[in-house]
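# Fold and contact review
One letter stands for each residue in the lines below.
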Amino acid sequence: MTYTARTEWEQHFNDGRGFRPVGEREREILAEHAPAPDGGRALDVGCGTGELAASLALLGYTVDAVDFADSALARAREEHAGVEGVRWLRLDIERDDPAPLHEEGYDLITLRLVWAFVRDRGRVLRGLGERLRDGGALVVITPMAESTPEARRGIALDEEEIAVLTAGWATVDRLDADGLAVLVLRGPCPTGSRAVEKRPPTAHALTSALAVVTDDAGRVLLGRSRRGMLELPGGKTQGPEDFAAAAVRELAEETGLVAEPADAYVVTMLVDDSHGVPRLTAVVRITAWRGIPANPEPDKFHGWEFYDLHALACVGDIFVPAAQALDAVWPGVIPDLPPVASYPLAVERPPVPGEPAEAVRLRRAMARTVIGGGWAPSAAVREALESVPRHRYVPEAGLAVAYDGGDRAVVTRRDETGTAISSVSAAWLQADMIEQLRLDPGALVFEAGSGGYNAELIAHVAGARGRVVSADIDPWVVRRSRAFLTEAGSGRVTVVEADAALGAPAHLVPRGGFDATLITYNCWDISPAWVEQLSDGGRLVLPLEMGGYTRSVTFERRGEVLHARHFTYCGFVRDQGQRARTAPVVPLLDGALSLRFDEGTPAGTHGVRKALGGPRQEIATGITMRANAYFGSLQLYAATTLPAFCRLHAHHDPGVTVIPKGRDAPAVLGDASLAYLTHVQTRHGEDPQDRAWEWVVHAFGEQGPQLAEQLTSTVHAWHRHIRADDNNEHADPVLTAHPAGTPAHQLPAGDVLDKMSYRLVFQWPGRNGHLPSPTRPTDTATRTTGAT
């Protein structure tokens, strides 16, 4: 009995056949080695007619019994109608969306007489292991090949298959139940991935072609060789055979799959060496094939399976050329690869479809969350969120991470210090920023900072006639974005390697400028190139730092002046190009504290160090807030209206401030004096709505009282004119950006924040409208906030 099709199993159970009955010894082993804890849940995979599931229920488990054959489930429901605590589910554990399974996992997962019929064993085992609760067990019950007649060998496992199955688990108990092997596995331990070599070659040079094949769920085909490593289908060329033809031939010889040479694309040539022997490897992407993976060469391979891309970082040993080929198609899916010279070939190839049903469900759920939050009011952006496969632009992340509808950004690259330097932003923020572009069909858009997914969202919104130019300074990000857009994109995005702050390359700038420009990294200033390449009336959306606080600001160009139309609280990775700026930081108290000057140059702090050794004054403002209240508008208001504004950061607790470790506070600096703003909890309660906090000003030094009065007045002005009970209704300033050098008399009345290339003028509600003059730190005690 070696069924491979669902129809065969349906007929099997319809004919009244079943499996070997569950023996008493099997029940004893389960009761002894996997007793049901309080509230215990079990998953019985391939439950058949339900005998084991019913036994687990009698042990005290609440059981999910799954099978992909309707006829099996029908018999199970009938034969065990009196058994309580079993939920019968129709589910193909290899191919269906696992949404019906219990979200909080299981204490026991059983696979009885099933494992021999599982095709993609590595992927299924990993997925089931992830569903185990702490201390849970996965139990496989199987016949052994040595005690199974040759005619029925397909239902049994041999010792090599047992070794593969049990590898990577913290504990393995192997027991016997009347001739059946019972494997009790606990503690799934991801092994990581490592690129490894084979034995030294004997030729003077090696040339080969490797076939990269994915199934209809986007999973990649890999074989576990007899050398104990994963490999791609492929091998050496024969005679005058080209690399594409060699990959197609090797695919058929090693896996039984059939592809046409027209569907084989040589995308990259890899050059390295193996044990000192030069090696040339052609990476061949096969976009269409037919057949079912087999194992025509059992002397070389244990078998072939399709693997999830996000699992490739922890599958064990991978043959070096195969690992490098996978990285050529999906950069970043396997970390820490040995160096290789890569020569990408400019070949036109179609995008390759394929995604699991779970991805479709999670993407729709993500879109509903974003839409429900009000971030995607337009039909075009909604449709883009529901259609563009986000997970294919972060293949190293699991589906649940890729489609998190909350605030999660997926970090894709870090520098040597561990700081994120590239990421895919939270979906709601991407939707909001694209909405603010106000794109018409056929729009031409520039994106600064690449990654692939955001650009493809824009291209989807812009439609068939639209185009996106995406620039990034990091060659790795560019290679990655191009690869993913080729695999899953519309073909309407052009990715270039360039310092995005300098704008798009001239030959890619449309006549009359781009209709819109979107910046996807934190900017201290507005690049003149973005404005010069933007059409009059076009929109520029960028995360702009103002006093150290970032907001996504939507500007509309009117001549040389930019007019702000929208603000969104946000945070992005930092600029890495020529216009990147590092804010001056002055350490205090041996580095326990520091003052950060995000605008202008550091003021004198010698006297402040001495003042911090004196008494701390506290002034309660009387302004309170409840749980989940938004106060980002207060930070921005203070940063753009207070002279000598800075931020006081606490790196560890020196016993001087009440600022929590790792946090900072808005501050103003005076002559040997300092004041800063914090909030302290004044009401406690189990219900968050019963809790409250009050804004409190702290001050040091002789001018401390005057500085504290400034901060207190600022908080009161914010309370009267800016804040609102609804977090979404806080007042925004009227903001315009004028080219640097614009004389003061040509600026509108308001508070001016000077950048290198632009002068920002803020007109806040309740301000008196007078332009501030340059102020020395010694003048701050006599300045007023301008609040009415």
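Computed from a predicted model, the values in this text were never measured in an experiment.

So, about the overall build of the chain. Counting its regular elements, the chain contains 18 helices and 36 strands. The buried share among the 788 residues of the chain stands at 54%. For the chain, contacts bridging at least 24 residues in sequence account for 63% of all contacts bridging at least 6. A total accessible area of about 33500 Å² is found for the chain, and carbon and sulfur atoms account for 50% of it. With 79 positive and 103 negative side-chain charges, the chain shows a separation of 3 Å between the mean positions of the two kinds.

A few words on the packing of helix α1 (residues 6-14) against helix α4 (residues 70-79). One can describe the packing of α1 onto α4 by two numbers: an axis separation of 7 Å at closest approach and a directional angle of 30 degrees. Considering their axes alone, α1 and α4 lie roughly parallel with respect to each other. Residues Trp9, Glu10, Phe13 and Asn14 of α1 lie in contact with α4, whose contacting residues are Asp70, Ser71, Ala72 and Arg75. Taken together, the residues of the contact of α1 with α4 sort by class into 3 nonpolar, 2 polar and 3 charged.

Our next topic: the sheet that holds strand β5 (residues 132-142). Strand order in the open sheet formed by 7 strands is β3-β2-β1-β4-β5-β7-β6, and the pairing between neighbours is mixed. Only two strands of the sheet have a single neighbouring strand rather than two, namely β3 (86-90) and β6 (169-177). Each adjacent strand pair in this sheet contributes to an overall mean axis angle of 15 degrees, direction not counted. Sheet topology places strand β4 (residues 106-112) next to β5; 6 bridges connect them, and they run parallel. The residue bridging isoleucine 109 from the neighbouring strand is leucine 138, located in β5. Against the sheet, helix α2 (residues 24-33) makes contact with β4, β5, β6 and β7 (180-188), and its axis sits at roughly 150 degrees relative to β6, the strand it touches most. Lying on the sheet, α4 is in contact with β2 (62-67) and β3; it crosses β3 at an angle near 160 degrees.

Let us now look at the sheet that holds strand β20 (residues 444-448). Whenever strands of a sheet pair, they do so through backbone hydrogen bonds, lying parallel or antiparallel. Pairing in this open sheet of 10 strands is mixed, and the strands run β22-β21-β20-β23-β24-β25-β26-β34-β36-β35 from one edge to the other. Strand pairing shows two members of the sheet lacking a second neighbour, β22 (493-497) and β35 (751-754), which therefore form its edges. Ignoring which end each strand starts from, the neighbouring axes of this sheet average 25 degrees apart. Contacts from helix α14 (residues 475-488) reach β21 (467-472) and β22, with the element oriented near 160 degrees to β22.

What follows deals with α14. Taking 1.5 Å as the rise per residue, α14 with 14 residues should run 20 Å; its terminal C-alpha atoms sit 20 Å apart, in good agreement. With respect to burial, α14 is a largely interior element, 10 of its 14 residues being buried. Taken together, the buried positions of α14 are Trp476, Val477, Val478, Arg480, Ser481, Ala483, Phe484, Leu485, Glu487 and Ala488. The residue sitting at the N-terminus of α14 and contributing the capping side-chain oxygen is aspartate 474; that oxygen lies 2.9 Å from the backbone nitrogen of tryptophan 476.

Our next topic: the confidence of the model for the chain. In this model, the chain carries a mean pLDDT of 91, and residues with pLDDT of at least 70 account for 96%. Confidence over residues 770-788 falls short of pLDDT 50; this stretch has 48 contacts with residues more than four positions distant or in other chains.

Moving on: unusual backbone geometry. Despite not being glycine, aspartate 590 shows a phi value in the positive range, around 60 degrees. Inspection of the secondary structure puts aspartate 590 in the loop between β27 (585-588) and β28 (593-596). By relative accessible area, which is 87% here, aspartate 590 ends up exposed. If you check the backbone angles, asparagine 628 has positive phi at about 65 degrees while not being a glycine. By the element assignment, asparagine 628 lies in the loop between β29 (617-626) and α17 (632-641). The class for asparagine 628 is exposed, based on a relative accessible area of 66%.

Within the element layout of this structure, glycine 547 appears in the loop between β24 (534-546) and β25 (549-558). Under the relative-accessibility criterion, glycine 547 is labelled buried at 3%. For glycine 547, the residues in contact, after removing those within four places along its chain, are Asp598, Glu599, Ala639, Phe645, Arg647 and Leu753.

The subject of this paragraph is the pairing of strand β1 (residues 41-45). For β1, the tally of buried residues reaches 4 of 5 residues, placing the bulk of the element in the interior. Note: β1 against β2, 5 bridges, orientation parallel. Paired with arginine 41 across the strands is threonine 62, a residue of β2. Taken together, β1, helix α3 (residues 51-58) and β2 constitute a β-α-β crossover, and its handedness is right-handed. Summarising the sheet, β1 and β4 pair through 4 bridges and their orientation is parallel. Paired with leucine 43 across the strands is isoleucine 109, a residue of β4.

Attention now moves to the pairing of β3. Strand direction decides the pairing type here: β2 and β3, joined by 5 bridges, are parallel. In the strand pairing of β3, aspartate 67 is matched with arginine 90.

Moving on to the side chain of serine 225. Position of serine 225 among the secondary structure elements: in strand β10 (residues 220-225). A polar contact is formed between the side chain of serine 225 and the side chain of glutamate 231, at a distance of 3.2 Å. Those residues in contact with serine 225 that sit more than four places away from it in its chain are Glu231, Lys300, Phe301 and His302.

The subject of this paragraph is the side chain of threonine 268. Inspection of the secondary structure assignment puts threonine 268 in strand β13 (residues 264-274). What makes threonine 268 buried here is its relative accessible area of 6%.

Turning to the pattern of salt bridges, a few remarks are in order. Taken as a whole, this structure holds 47 salt bridges when the rule is applied. The salt bridge partner of glutamate 556 is arginine 565, with a shortest N-O separation of 3.5 Å. Taken together, the shared-partner salt bridges in this structure form one network comprising Arg6, Asp92, Glu94 and Arg95.

With that settled, the discussion passes to the nonpolar core. One finds Val220, Leu232, Leu312, Trp330 and Leu385 to be the most contacted residues of the largest nonpolar core, which totals 77 residues. Among residues more than four places away in sequence, those in contact with leucine 385 are Arg363, Met366, Ala367, Val370, Ala376, Ala431, Tyr453 and Leu457.

This part covers helix α10 (residues 379-387). Helical geometry note: an α-helix holds 3.6 residues per turn, so side chains three or four residues apart project in the same direction. Among all positions of α10, only Val381, Ala384 and Leu385 are buried. Taken down its axis, α10 places every buried residue within 95 degrees of arc, on the same side. Where α10 is buried, its residues meet α9 (357-372), α12 (427-437) and α13 (453-462).

Evaluated as defined, the whole model comprises 15 aromatic pairs. Here the aromatic rings of tyrosine 676 and phenylalanine 700 are separated by 6.4 Å at their centres, their planes lie at 20 degrees, and the arrangement is stacked. On the criterion of sequence distance, the pair formed by tyrosine 676 in strand β32 (residues 673-683) and phenylalanine 700 in strand β33 (residues 692-700) is long-range, its members being 24 residues apart. Judged by its relative accessible area of 0%, tyrosine 676 falls in the buried class. With relative accessibility at 1%, the residue phenylalanine 700 sits in the buried group. Through a chain of ring-to-ring contacts, the aromatic side chains of Trp9, Phe13, Phe19 and Phe117 assemble into a single cluster. Positioned over the ring face of tryptophan 524 is arginine 581, at 4.4 Å from the centre of the ring. Above the plane of the ring of tyrosine 549 lies arginine 647, whose end atom (NZ or CZ) is 5.3 Å from the centre.

The next thing to look at is the packing of α9 against α10. Put simply, α9 and α10 touch, their axes get as near as 8 Å, and they point 150 degrees apart. As judged from the angle between their axes, α9 and α10 are roughly antiparallel. Along its contact with α9, which presents Arg363, Met366, Ala367, Val370 and Ile371, the element α10 presents Arg382, Leu385, Glu386 and Ser387. For the contact of α9 with α10, the class distribution of residues is 5 nonpolar, 1 polar and 3 charged.

Quick notes on the rules
Residues numbered from 1 in each chain as written. Predicted model: local features only at pLDDT ≥ 70, side-chain atom pairs only at ≥ 80, totals over all residues. Heavy atoms only, no water. Helix = DSSP H or I, 4+ residues; strand = E, 2+ residues; numbered from the N terminus. Buried < 20%, exposed > 50% of the residue type's maximum accessible area, 1.4 Å probe, protein only. Contact = heavy atoms within 4.5 Å. Areas by Shrake-Rupley, 256 points an atom, 1.4 Å probe, with all protein chains shown as cover. Lys, Arg positive; Asp, Glu negative; His and termini not counted. Charge placed at Lys NZ, Arg CZ, Asp CG, Glu CD. Axes fitted to C-alpha atoms, helices over the stretch in contact; angles between N-to-C directions. Parallel < 35°, antiparallel > 145°, perpendicular 65-115°, else oblique. Nonpolar A, V, L, I, M, F, W, Y, C, P; charged D, E, K, R; others polar. Pairing = 2+ DSSP bridges. Expected span 1.5 Å × (residues − 1). Polar contact = N/O pair within 3.5 Å; in protein donor to acceptor, adjacent residues only side chain to side chain. pLDDT = per-residue confidence, 0-100. Right-handed = clockwise from strand over helix to strand, strands pointing away. Salt bridge = Lys/Arg side-chain N within 4 Å of Asp/Glu carboxyl O. Core = buried A, V, L, I, M, F, W, Y, C linked by side-chain atoms within 4.5 Å. Arc of directions from axis to C-beta. Phe/Tyr/Trp six-rings, centres within 6.5 Å; stacked < 30°, edge-to-face > 60°. Lys NZ or Arg CZ within 6 Å of the ring centre and 35° of its normal.

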